[in-house]
Amino acid sequence: MEAINTASVYIFSLQGLCLVILGTILGITMGAIPGLTGAMLIALTLPLTFNMDPANAFILLISMYVGAVSGGLITATLLRMPGTPASIMTTMDGYPMARDGRPGRALGLGITASFVGGCISWLFLIMLSAPIAQYSTKLGPFDFFSLVLLALVLIASIGGKSMSRSFFSASLGVLVALPGIDTATGNLRLTFGFEELNGGLKLLPVLIGMFAISQIISDIIRIGDKITIIPVKRKRDMLFKWEDWKKNAINLVRSSVIGTGIGILPGIGANIGSVTAYSTARSLATTEDKKKFGKGSETGIVAAEAANNATIGGSLIPLISLGIPGSVIDAILLGGLLIHGLQPGPLLFQQNPEMVYTIMGSMFVANVFMFFFMILSVRYLARLASIPRGLLMPVILVFCIVGSFALSTRMFDVWTMLFFGLLGFAFERFKIPLAPFVIGFILAPIAEENLLMGLMASNGSYLPIVQQPVSLLFVIVSIGLLSIPLHKRFKLFRG
Amino acid sequence: MAKITTHIVVALMIGLSIFSYAKMGSRETESYPNRPIRVIVPYNPGGGTDTYARILQKAIKDNNLMPQQLVIVNKPGGGATIGSTYVIDSRNDGYTILCNHEALMTSKIIGQSPYGPEAFEVVAATGESGLAVLVSENSPFKTMTEFMEAAKARPETLKLGVNLGTPTHFCGIQLEETLPGARFRLVSTGGGANRLAALMGGHLDAALFSVGELIRFRENGLRPLAYLGEERVESIPDIPTAKELGYPVFSGNLQYWWFPKGTDPEIVSYMAVVLNSAMETDYVKKRSAELEILPRTIAGVELAERITQKMSLYSRMKVPSRVELPDVTFWSVAAVLALGLVVSLKAIFNPKKTDGEASENKLRFDLAFGVIGLCVLYVFFMGMGLLPFVWATILFILVTGLYLTNFDRKKVYYVVEVALCMSFGLHFIFTQLFAIQLP
């Protein structure tokens, strides 16, 4: 109880509320500008939070997370450009509806569904985190090792279009995580004599490079693209009426639960959640309703937007209770927790319960603020998409460079960041997905540490991987996922 | 109207930032120290060393023990070798000092770092904290003796949690040496929090924790067996020392302060006096008691002796893991090569049509590479120290902005505004609010 009080003092102080407002607005703004993503915003903000109180830092970061996943629906609806990858499915029905003269209605559906999805997943977050954290102490090193394997298999088999490319990307991520001090021997490995590499490649420069720089390069290449926005005139039809609630209730709940579930699965996040909920909604729709999908179906917008916001709460569950990130943004947040000296997992609940409740509370408050802010200002937010790129890009580049420098005040990190920016761009050109790389990069040390710890405890025997029930379960699920042929898997998750 | 107001606000902000920039570096006095002294902490903020360095920083500032302040700079990573190397390479003018505990010695011995204490001028060692052996509450071991005898009766079965290559690891080996025949199965668990989770989950039989951790974690259902120190700790008098029980292992670890080699001895002794008087302050005593750290200071001859003694003690230890471990590097490289081969073969034999770029316009690769080139120049100029941050940033934003807006006359004004705002603004935010030194 005391911790909840402390957390609410943090959040409801003037400073806390300002951070929620700032974070949500920045998140929505970045989400609404195509080409700028939430992952980029959060990676760039992280260096700025080093000197902040950890609670304040996380109020800001979580609000950004909520804002960024929500903001994408604006451009998805009005421009047919998903502002963030999470809103891809919203373009399918949002844009046709807006084009047919009901942009306000389309936005209203999306915003309300986002809000409801956020709230439902928040309930799961507060109910499930503590029991899972409690249980997680029973998980041994081999269980964690298998869990990481499962995460990699999940993202490679469901997240991307080509499994070999996804696995290639993940294995490169693992390789990039290796330089530095060998966990087993304490000796240096793969540093090629660079003393700067003794500590390994740092998380932030790699992430800023992969997500921000590579995106900027792609944006610059397409700088000539013309942008036309559908203007929103009538505001009144944005709010839900009683019939709307009645009609969409089941869909809202179902899509939110799907989103939360997908969010909990380690490694995959908002875009997969929204795809899955969308295809489920389509397959369950009446024949008459089914025809409307892709042409401006209300059910489709609601499903996609409820689910992508629901993944936020879902993916925070494994992050705070196990220290395993549920999505790319959570992976960055994990880095943030570690930088602030906080170890996610059961101990976080015991040692820093106020941090846990601050994270949970700020997600809720940010969600509420997001709803009101979006309803009131969505008409103006759409114009953000027309900010001249030529002004925006140099500013973001400077932020990237200063942000990676500030981490440990050395130029080496800046060069690293630029290198990974080019690598990320190459990935995109060759259609190799980025997400498995990042998940591999972040989870590899966790997997290695646990494997070595397990082997030291079992005196060198690998058998416990298939002898311990939890670990065995993860292994079976991974093998199962790998053995389903590719086209069937597509049917399963993409409809 | 609104537009004019915005411009005025922007102009004011720029003016203020320039003012604060110009004010810096205009003072210069004679005697040491005449500017802030940077303390390099080779660990993350919030860790043990960082916390202690910040306590001393506050004590020095609040009690005016020095005309200048200490500024803490965290350079984590590489088992603290990154921060140490940075200090070795710094100028030995007394304005850069390293704060690191005995990991500086152990990392030399296990080969992580080519440098040990000999590469520094040691100033003082402050604040002693020791390690203790803990088991879970429902463990069959009630006393240290039972535990050690079990390790002798069943060698290499009892799992003892340590952190490889750190003092916990060395203490584990030292414990074995006190009872011939006793052998543990040393399990590397990483930092304190992970070790606690593993101990609570029943994945370890016992583990080594610092006294501070012991006091914080004790309520989580843990039983301390012995404290590895010379005397019992005041606040936990019920825990016997290992020495009393016949296992003389001393784990005392202090935070050492190191100047780069060749620093003026007068500066070294000045700093030692400042640190010593900081340790005497009530604030340090109070905070040390809270963290279960002995507010002790060692300096001069005694410190030199201690370092020699510790180095010879540590160098006797055999370090490598006793279990055959997989070659992670080999397997990762193999996986990358194999998968890379699969991907490229698939791409060659199964070429997909490019699914029609959505853009009607020409893709501007030239522009992208131009901007990357400008970035490289920008970073290069700052990295080499040819241009300070502010000027480099103004130039970079001006050139890049004009380049990307196709030298559009109408936008020049905005580009200039953005350039001034960003450069001075960021400089102000980072140096004044975050105390981060920009190039």
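The following paragraphs examine the structure supplied in this document. (Residues numbered from 1 in each chain as written. Chains lettered and ligands numbered in written order. Predicted model: local features only at pLDDT ≥ 70, side-chain atom pairs only at ≥ 80, totals over all residues. Heavy atoms only, no water.)

**What to know about the overall build of chain A**
In step 1: Check the secondary structure of chain A and you find 22 helices and two strands.
In step 2: The C-alpha radius of gyration of chain A comes to 22 Å, within 12% of the 23 Å expected for a compact globule of 495 residues.
In step 3: Across its three principal directions, the C-alpha atoms of chain A cover 70 × 50 × 50 Å.
In step 4: Among the 495 residues that make up chain A, the fraction classed as buried is 67%.
In step 5: Taking all contacts inside chain A whose residues are at least 6 apart in sequence as the whole, residues at least 24 apart take part in 79%.
In step 6: In the form shown here, chain A has an accessible surface area of approximately 17,300 Å², with 68% of it arising from carbon and sulfur atoms.
In step 7: The distance from the centre of the 34 positive side-chain charges to the centre of the 23 negative ones in chain A is 14 Å. (Helix = DSSP H or I, 4+ residues; strand = E, 2+ residues; numbered from the N terminus. Rg over C-alpha atoms; globule rule 2.2 N^0.38 Å. Buried < 20%, exposed > 50% of the residue type's maximum accessible area, 1.4 Å probe, protein only. Contact = heavy atoms within 4.5 Å. Areas by Shrake-Rupley, 256 points an atom, 1.4 Å probe, with all protein chains shown as cover. Lys, Arg positive; Asp, Glu negative; His and termini not counted. Charge placed at Lys NZ, Arg CZ, Asp CG, Glu CD.)

**Quick look at the sheet that holds strand 9 (residues 222-228) of chain B**
In step 1: Judged by pairing direction, the sheet is mixed, and its five strands sit side by side in the order 7-6-8-5-9 (chain B) without closing on themselves. A single partner strand is all that each edge strand has here, and the edge strands are strand 7 (185-188) and strand 9 of chain B. With direction set aside, neighbouring strand axes in the sheet form an average angle of 30 degrees.
In step 2: Bridge count for strand 6 (residues 159-162) of chain B against strand 7 of chain B is four bridges, and the pairing is parallel. Along strand 7 of chain B, the bridge assignment pairs Leu160(B) with Leu186(B).
In step 3: Helix 19 (residues 435-457) of chain A contacts strand 6 and strand 7 of chain B of the sheet and is inclined by roughly 170 degrees relative to strand 7 of chain B.
In step 4: Contacts between helix 6 (residues 167-178) of chain B and the sheet are confined to strand 5 (131-136), strand 6, strand 7, strand 8 (206-210) and strand 9 of chain B, with strand 5 of chain B contributing the most and set at about 80 degrees to the helix. (Pairing = 2+ DSSP bridges. Axes fitted to C-alpha atoms, helices over the stretch in contact; angles between N-to-C directions.)

**Description of helix 14 (residues 389-404) of chain B**
All names here are of chain B.
In step 1: Helix length check: helix 14 (16 residues) gives 22 Å between terminal C-alpha atoms against 22 Å at 1.5 Å per residue, within 8%.
In step 2: Burial in helix 14 covers these residues: Phe389, Val390, Ala392, Thr393, Ile394, Phe396, Ile397, Thr400, Gly401 and Leu404.
In step 3: At the exit of helix 14 stands Asn406, carrying a positive phi of roughly 60 degrees. (Expected span 1.5 Å × (residues − 1).)

**Some remarks on the sheet that holds strand 10 (residues 253-260) of chain B**
All names here are of chain B.
In step 1: Read from one edge to the other, the open sheet built from six strands follows the order 2-1-3-10-4-11, with strand pairing classed as mixed. In this open sheet, the two edge strands, each paired with only one partner strand, are strand 2 (70-74) and strand 11 (294-299). Along the sheet, successive strands turn relative to each other by an average axial angle of 25 degrees, direction set aside.
In step 2: Docked against the sheet, helix 3 (residues 81-88) engages strand 1 (37-41), strand 3 (96-100), strand 4 (120-129) and strand 10, running at close to 150 degrees with respect to strand 3.
In step 3: Of the strands in this sheet, strand 4, strand 10 and strand 11 are in contact with helix 11 (residues 300-315), which crosses strand 11 at around 95 degrees.

**What about the interface of chain B and chain A?**
A common way to express how large an interface is: the accessible area buried when the components associate.
In step 1: Contacts between the two partners involve 89 residues from chain B and, on the opposite side, 81 residues from chain A.
In step 2: Taken together, the two surfaces of chain B and chain A that pack against each other cover about 7,200 Å², and 72% of this comes from carbon and sulfur.
In step 3: Run the count over chain B and chain A and you get six residue pairs in polar contact (both at pLDDT 80 or more).
In step 4: Class assignment of the residues belonging to the side of chain B that touches chain A gives a composition of 52 nonpolar, 26 polar and 11 charged. (Buried area = accessible area lost by both parts, 1.4 Å probe. Polar contact = N/O pair within 3.5 Å; in protein donor to acceptor, adjacent residues only side chain to side chain. Nonpolar A, V, L, I, M, F, W, Y, C, P; charged D, E, K, R; others polar.)

**Some points on the pairing of strand 7 of chain B**
In step 1: The alternating pattern of strand 7 of chain B places Arg185(B) and Val187(B) and Leu186(B) and Ser188(B) on opposite faces, both of which are buried.
In step 2: After leaving strand 6 of chain B, the chain enters helix 6 of chain B and then returns to the sheet as strand 7 of chain B, a path that is right-handed. (Right-handed = clockwise from strand over helix to strand, strands pointing away.)

**Notes on the nonpolar core**
Residue and element names in this part refer to chain A.
In step 1: One finds Ile74, Leu316, Leu333, Cys400 and Phe437 to be the most contacted residues of the largest nonpolar core, which totals 155 residues.
In step 2: In this structure Leu333 touches Ile42, Phe58, Leu61, Ile62, Tyr65, Leu316 and Leu319, once residues within four positions along its chain are discounted.
In step 3: Counting residues in hydrophobic clusters, the runner-up holds 35 residues, among them Phe145, Ala151, Ile258 and Ile324. (Core = buried A, V, L, I, M, F, W, Y, C linked by side-chain atoms within 4.5 Å.)

**Some thoughts on the packing of helix 3 (residues 38-45) of chain A against helix 14 (residues 328-339) of chain A**
Residue and element names in this part refer to chain A.
In step 1: Relative orientation of the contacting elements helix 3 and helix 14 amounts to 5 degrees, with a least axis distance of 9 Å. Relative to helix 14, the element helix 3 lies roughly parallel. Residues Gly38, Ala39, Ile42 and Ala43 of helix 3 form the contact with helix 14, whose own contacting residues are Ile329, Ile332 and Leu333.
In step 2: A per-class count over the contact of helix 3 with helix 14 returns six nonpolar, one polar and no charged. (Parallel < 35°, antiparallel > 145°, perpendicular 65-115°, else oblique.)

**Thoughts on a nonpolar patch on the surface**
In step 1: A surface patch of nonpolar side chains, about 640 Å² in accessible area, is lined by Trp415(A), Val376(B), Leu377(B), Phe380(B), Phe381(B), Met384(B) and Leu386(B).
In step 2: With four residues, the top contributor of residues to the nonpolar patch is helix 13 (residues 365-383) of chain B.
In step 3: With respect to the helices and strands, Phe381(B) occurs in helix 13.
In step 4: By relative accessible area, which is 31% here, Phe381(B) ends up partly exposed. (Patch = residues over 30% accessible without salt bridge, like charges linked within 9 Å, V, L, I, M, F, W, Y side chains within 5 Å. Salt bridge = Lys/Arg side-chain N within 4 Å of Asp/Glu carboxyl O.)

**Some remarks on the pattern of salt bridges**
In step 1: Counted under the stated rule, the structure contains 20 salt bridges over all chains.
In step 2: Among the salt bridges present, the one from Arg306(B) reaches Glu102(B), with a minimum N-O distance of 3.1 Å. Here Glu102(B) lies in the loop between strand 3 and helix 4 (103-109) and Arg306(B) lies in helix 11, a separation of 204 residues in the sequence. Comparing Arg306(B) with Glu102(B) shows no difference in burial state: the two are buried.
In step 3: Two residues, Arg232(B) and Glu244(B), come together in a salt bridge whose shortest N-O distance is 2.7 Å. One end of the pair, Arg232(B), is in the loop between strand 9 and strand 10; the other, Glu244(B), is in the loop between strand 9 and strand 10, and 12 residues separate them in sequence.
In step 4: The class for Glu244(B) is partly exposed, based on a relative accessible area of 45%.
In step 5: Look at the salt bridges and you will find they share partners, linking Arg102(A), Arg105(A), Asp244(A), Lys247(A) and Glu298(A) into a network.

**Observations concerning the packing of helix 9 (residues 203-221) of chain A against helix 18 (residues 411-429) of chain A**
All names here are of chain A.
In step 1: Relative orientation of the contacting elements helix 9 and helix 18 amounts to 55 degrees, with a least axis distance of 7 Å. Here helix 18 runs oblique to helix 9, going by the angle between their axes. Both helix 9 and helix 18 take part in a crossing whose hand is right-handed. Contact residues: Pro205, Val206, Ile208, Gly209, Met210, Ile213, Ser214, Ile217, Ser218 and Ile221 in helix 9; Asp413, Thr416, Met417, Leu418, Phe420, Gly421, Leu422, Leu423, Gly424, Phe425, Phe427 and Glu428 in helix 18. (Left-handed = near helix turned anticlockwise from the far one by under 90°.)

**Structural notes on the side chain of Thr241(B)**
Residues and elements named next belong to chain B.
In step 1: Mapped onto the fold, Thr241 is located in the loop between strand 9 and strand 10.
In step 2: Within the structure, Thr241 has its side chain in polar contact with the backbone nitrogen of Glu244 (distance 3.2 Å).
In step 3: Other than its neighbours up to four places away in sequence, Thr241 contacts Ala226, Tyr227, Gly229, Glu230, Glu231 and Arg232.

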